[in-house]
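# Tertiary structure, described
The primary structure of each chain is shown beneath.
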Amino acid sequence: MVQPRIIRSYINGADYTATSGEVFADINPATGETIAEVEQASAADVEIAVAAAKAAFKEWSGMTGAQRGRILRKAADILRANNDEIARLEVLDTGKPISEALVVDVASGADCLEYFGGIAAAIHGEHVDLGGQAFAYTRREALGVCVGIGAWNYPVQIACWKAAPALACGNTMVFKPSEMTPATAICLAEALTEAGAPPGVFNVIQGDRRAGQMLVRHPDVAKVSLTGEVGTGRIIMGDAARTLKHVTMELGGKSPLIVFADADIENAVSATLNANFYTQGEICSNGTRVFVEKSISAAFQKRLAERTAKLKIGDPLDPETHVGALISEGHMHKVLGYIEKGKAEGATLVCGGNRASGAGLDAGYFVEPTIFAACRDDMSIVAEEIFGPVLSLLEFESEEEVVARANDTEFGLAAGVFTRDLARAHRVVAKLEAGTCWINNYNITPIEVPFGGVKQSGIGRENGLAAINHYSQLKSVYVELGDVATGYPL
Ligand code: NAD
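Overview of the structure. (Residues numbered from 1 in each chain as written. Predicted model: local features only at pLDDT ≥ 70, side-chain atom pairs only at ≥ 80, totals over all residues. Heavy atoms only, no water.)

### So, the overall build of the chain
- In terms of helices and strands, the chain carries 15 helices and 21 strands.
- What you see for the chain is a C-alpha radius of gyration of 24 Å, in line with the 23 Å of a compact globule of 490 residues.
- For the chain, the spread of C-alpha atoms along the principal axes amounts to about 85 × 60 × 40 Å.
- For the chain, buried positions account for 56% of its 490 residues.
- When the accessible surface of the chain is split by element, carbon and sulfur atoms take 54% of a total near 19800 Å².
- Looking at charge distribution, the chain has the averaged site of its 43 positive side-chain charges lying 2 Å from that of its 60 negative ones. (Helix = DSSP H or I, 4+ residues; strand = E, 2+ residues; numbered from the N terminus. Rg over C-alpha atoms; globule rule 2.2 N^0.38 Å. Buried < 20%, exposed > 50% of the residue type's maximum accessible area, 1.4 Å probe, protein only. Areas by Shrake-Rupley, 256 points an atom, 1.4 Å probe, with all protein chains shown as cover. Lys, Arg positive; Asp, Glu negative; His and termini not counted. Charge placed at Lys NZ, Arg CZ, Asp CG, Glu CD.)

### As for the state of the cysteines
- Going through the model one piece at a time under the given rule, you end up with zero disulfides.
- In this structure cysteine 112 is not part of a disulfide, and its nearest cysteine sulfur, from cysteine 160, lies 6.7 Å away.
- Taking relative accessible area as the criterion, cysteine 160 reaches 0% and is therefore assigned buried. (Disulfide = S-S within 2.5 Å.)

### Looking at the nonpolar core
- In this structure, Leu79, Leu113, Phe116, Leu167, Met173, Leu188 and Phe202 are the most contacted members of the largest nonpolar core, which totals 60 residues.
- The greatest single-element share of this core, amounting to ten residues, is contributed by helix α5 (residues 155-168).
- Those residues in contact with leucine 113 that lie beyond four places of it in its chain are Leu72, Arg73, Ala75, Ala76, Leu79, Cys160, Ala164 and Leu188.
- With 29 residues, the next largest nonpolar core counts Leu326, Tyr338, Leu394 and Leu432 among its residues. (Core = buried A, V, L, I, M, F, W, Y, C linked by side-chain atoms within 4.5 Å. Contact = heavy atoms within 4.5 Å.)

### Here we look at the site of the ligand
- Around the ligand, a shell composed of 28 residues is seen, among which Gly150, Glu179, Thr232, Leu251 and Glu385 lie nearest.
- Here an oxygen atom of the ligand sits 2.8 Å away from a polar atom, N or O, in the side chain of tryptophan 152.
- Every element with two or more residues in the shell around the ligand is listed here: α7 (209-217), β11 (221-227) and α8 (230-241).
- Of the residues contributing to the shell around the ligand, the split by class is twelve nonpolar, nine polar and seven charged. (Near = heavy atom within 4 Å. Polar contact = N/O pair within 3.5 Å; in protein donor to acceptor, adjacent residues only side chain to side chain. Nonpolar A, V, L, I, M, F, W, Y, C, P; charged D, E, K, R; others polar.)

### A closer look at unusual backbone geometry
- Although it is not a glycine, phenylalanine 387 adopts a positive phi angle of roughly 65°.
- By the element assignment, phenylalanine 387 lies in the loop between α12 (380-383) and β17 (390-396).
- A positive phi angle is found at asparagine 463, which is not glycine, with a value near 70°.
- In this structure, asparagine 463 sits in the loop between β20 (458-459) and α15 (466-470).

What follows is the structure, given as structure tokens:
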């Protein structure tokens, strides 16, 4: 057996050996094997990381946006040049198919570095005319040390989506990847260092929630950006509130995908597959509540089942694989538990429904792409986030009805509408309570477009120019050109 490698934290531009003496296993979910041992950061390590980021802030925030942007764009080039190797690490950590990781995960992270690198020089305040005797201006200033905390489904992308806007604005960052997927945040850290980021600008702390909590509670941290579950978001917001930190919360969802009878069915089925089985269903914005207008529901279901049956479950490193392994044994059992609940609550199992077994699958955490029909809004599989390859088909008869049912959830991350009726598409989208909507497509997240949730799905936005507002603050400066008016005697 190959000795598992050691994954460490990364502080001040170099690998950092934790002082805790505690390690945990990084497991390949496709095989159940330990592929690395990860050093859990101690309180002392967290202190050192935050101190490094604090020390680096002066130099980094003092550079011009153009200088910072050049470094971010160079880091994007380095990630792209190492795309295949980083994608492979991502597959070993996450269990997602290599066919996805090769074209999406690293590329999306690099796009983000390039985008915010490109606009770093254009981040500025405004001039406010006050009528000749005075004027004011605003300075758009960095916040300070920002903490990023990642989920395990898109590790390198999440690290880039947080680091790029933060660093473009002149902040420094301590990033804690999910303990399930510790490998690729280090690739980003190394790329930034190679691109010329001064030591301490981007640091990585490895560890579970204990490390995250210490970072969130640290008085020298100005902002926390989390990607994770709603419950985690509530706890972190509470901890961040102790010192009134800024927060961005990218949380869970149970998003509706609405297919009207006039839609292009083949496209709607394609989008439904993307919206449910990409990354084996472990995507926050997935359209897992698929509302189909009654008159086409039988035809839609037939075509969806036919195409789902062709999906190949297998070794995530095999380029032919469409559906990889779920992140952990515990998560697999959670997903299988929901499937059992769906059956018990009276939904009709159309396909899937089991742990996938057979050659090469038995040691891993594979679940068949699963479709339930005849679902009701009050079923657990319809109301709760499953975060696996399980979709619920729901029938509707009117626009008004479907909008009300789509919105009848605590979540509000995303939504999709398929129709050829342009007026209806925009009318429905305007009424949907979701931070990101797609018309005649699903789960497309270009870096130029703000992404985030409403209701319990989140606060703040990543990507697009909107992210700049969440990583900077305004200072207003009043400038007097005349005399100081006063009622007091001279
Ligand atoms: P999680 O909430 O269990 O963990 C997320 C991160 O928070 C991990 O790094 C974890 O170590 C850390 N953490 C947990 N408790 C903490 C605490 N008290 N203080 C500080 N850090 C703490 O989520 P997960 O299981 O890793 O990811 C799946 C969830 O993430 C799903 O709900 C999914 O919808 C959501 N998600 C959202 C988005 C989005 O952009 N909205 C994207 C991807 C995933």
